[in-house]
Amino acid sequence: MKMLVATTNRGKVRELAEALDGLGFEILDLEGAGLADRPAPEESGSTFAENALLKASIWFEASGLLTVADDSGLVVDILGGRPGLHSARYGDTDAERIRRLLSEMDGVPSTERTARFVCSLALVGENLAEVFTGECEGRIRHTSHGSAGFGYDPVFTPDGENRTFAEMSPGEKSAISHRGNAIRKLREFITGR
Ligand code: IMP
């Protein structure tokens, strides 16, 4: 059975394809499904779950294929939840997004730098619409550490760790990350375990 992973981000497609390995799906991305030219749907929801469901529903209608779509971001307590749903649009580059975040948190002590990454994955098909949300609690560092990963990884240290996500291997990160947790829930749903 074919499954559309509705993203143009090759990293996300690879991560999902690995997580669903052995379940008998042929994984396609938007390009593989011949949909790469379509404009991306507007992310008009007010939660990560709503946005993931919106995207998966639209791409399911366009493709007729069982579809997975995601939405994710960083929620910082002292900033009232920002950047949140706007995590990807907080600046033009990862470096600018991090600079803006750190400058907004200038002078905030370590104890008040609590934050969490959130990832919602929606699975939509014929008579099917399910959302799986994973979170990862941690704190925002005062400066960047490490060069692995992407996005806000260099300034996020998960609870129980001293390193940032950007100082971990992909396997170490996904064992505890928001996306890893959401993917594990999706896999459990599909396998019925
Ligand atoms: P989207 O889910 O592709 O809309 O992007 C969400 C944005 O949140 C990304 O562009 C990153 O800035 C941020 N983000 C989401 N997950 C992660 C992560 O695992 N590490 C670092 N940043 C992330």
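Calculation criteria
Per chain, residue numbering runs from 1 following the sequence as it is written. With the structure being a predicted model, the display of local features is reserved for residues of pLDDT at least 70 and the display and counting of side-chain atom pairs for 80 or more, all residues being used for whole-chain, interface and lining totals. Values shown for side chains rest on all heavy atoms present in the structure; no hydrogens or waters enter the calculation. Residues belong to a common nonpolar core when they are buried Ala, Val, Leu, Ile, Met, Phe, Trp, Tyr or Cys residues joined through side-chain atoms within 4.5 Å. Think of it in three bands: with a 1.4 Å probe and only protein chains considered, a residue is buried below 20% of the maximum accessible area for its type, exposed above 50%, and partly exposed in between. Here a helix means four or more residues in a row that DSSP labels H or I, a strand means two or more in a row labelled E, and each is numbered from the N terminus. Every residue pair with non-hydrogen atoms within 4.5 Å of one another is taken to be in contact. Cavity: a set of points on a 1 Å grid over the protein atoms alone where a 1.4 Å probe fits but cannot get out. Pocket: an open set with protein on both sides within 12 Å along at least five of seven lines, its lining residues, like those of a cavity, having an atom within 4 Å of a point. Grid points are joined across faces, edges and corners, and a volume is the space filled by probe spheres set on the points. Ten residue types, Ala, Val, Leu, Ile, Met, Phe, Trp, Tyr, Cys and Pro, are classed as nonpolar, four, Asp, Glu, Lys and Arg, as charged, and the remainder, Gly among them, as polar. One speaks of a salt bridge when a side-chain nitrogen belonging to Lys or Arg is within 4 Å of a carboxyl oxygen belonging to Asp or Glu.

Participant: Give me the lowdown on the nonpolar core, citing residues and values where you can.
Facilitator: By size, the foremost hydrophobic cluster in this structure holds 18 residues, and its most contacted members are Leu74, Val76, Leu101, Ile140, Tyr152 and Phe156. Broken down by secondary-structure element, the contributors of at least two residues to this core are strand 3 (66–76), helix 3 (94–104), strand 4 (114–125) and strand 5 (128–140). Per element, the largest residue contribution to this core is 3 residues, and it comes from helix 3. Ignoring sequence-local partners within four residues, the contact set of Leu74 consists of Gly81, Arg82, Pro83, Gly84, Ser87, Leu101, Ala115, Arg116, Phe117, Ile140, Tyr152 and Phe156. Counting residues in each nonpolar core, the second largest holds 15 residues, with Leu66, Leu123, Phe132 and Ile183 among its members.

Participant: Would you mind going over the layout of surface pockets in detail, with residue names and values included?
Facilitator: Taken as a whole, the largest pocket holds about 710 Å³ of empty space. Lys12, Lys55, Asp71, Ser72 and Ala88 are, among the 34 residues lining the largest pocket, the residues nearest its centre. Considering every element that reaches the lining of the largest pocket, the biggest residue donor is strand 3, with 5 residues. Across the lining of the largest pocket, the residue classes tally to 13 nonpolar, 9 polar and 12 charged. By volume, the second largest pocket is sized at about 440 Å³. Around the second largest pocket, the lining is made up of 19 residues, and of these Gly11, Arg14, Glu15, Pro170 and Lys173 lie nearest the centre. Sorting the residues of the lining of the second largest pocket by element identifies helix 1 (10–19) and helix 4 (170–176) as the ones contributing at least two each. Here the lining of the second largest pocket gets 5 residues from one element, more than from any other, and that element is helix 1.

Participant: Could you give an account of the pattern of salt bridges, with specific residues and numbers?
Facilitator: Counted under the stated rule, the structure contains 13 salt bridges. Between Arg116 and Asp77 there is a salt bridge, with the nearest N and O atoms lying 3.2 Å from each other. Taken as a pair, Arg116 in strand 4 and Asp77 in the loop between strand 3 and helix 3 lie far apart in primary sequence, 39 residues in all. Notably, a salt bridge pairs Arg100 with Glu104, separated by 3.5 Å at the nearest N-O pair. Of this pair, Arg100 and Glu104 both sit in helix 3, separated by 4 residues, roughly a single helical turn. Its relative accessible area of 36% is what places Arg100 among the partly exposed residues. Judged by relative accessible area, which is 30%, Glu104 ranks as partly exposed. Several salt bridges share partner residues, and in doing so they unite Arg10, Asp29 and Glu31 into one network.

Participant: Please provide a residue-by-residue account of the environment of Pro154, values included.
Facilitator: Take Pro154: it is sitting in the loop between strand 5 and strand 6 (156–158). Looking at Pro154, the relative accessible area reads 13%, which means it is buried. For the pair Pro154 and Glu167, spaced 13 residues apart in sequence, the C-alpha separation works out to 7.4 Å.

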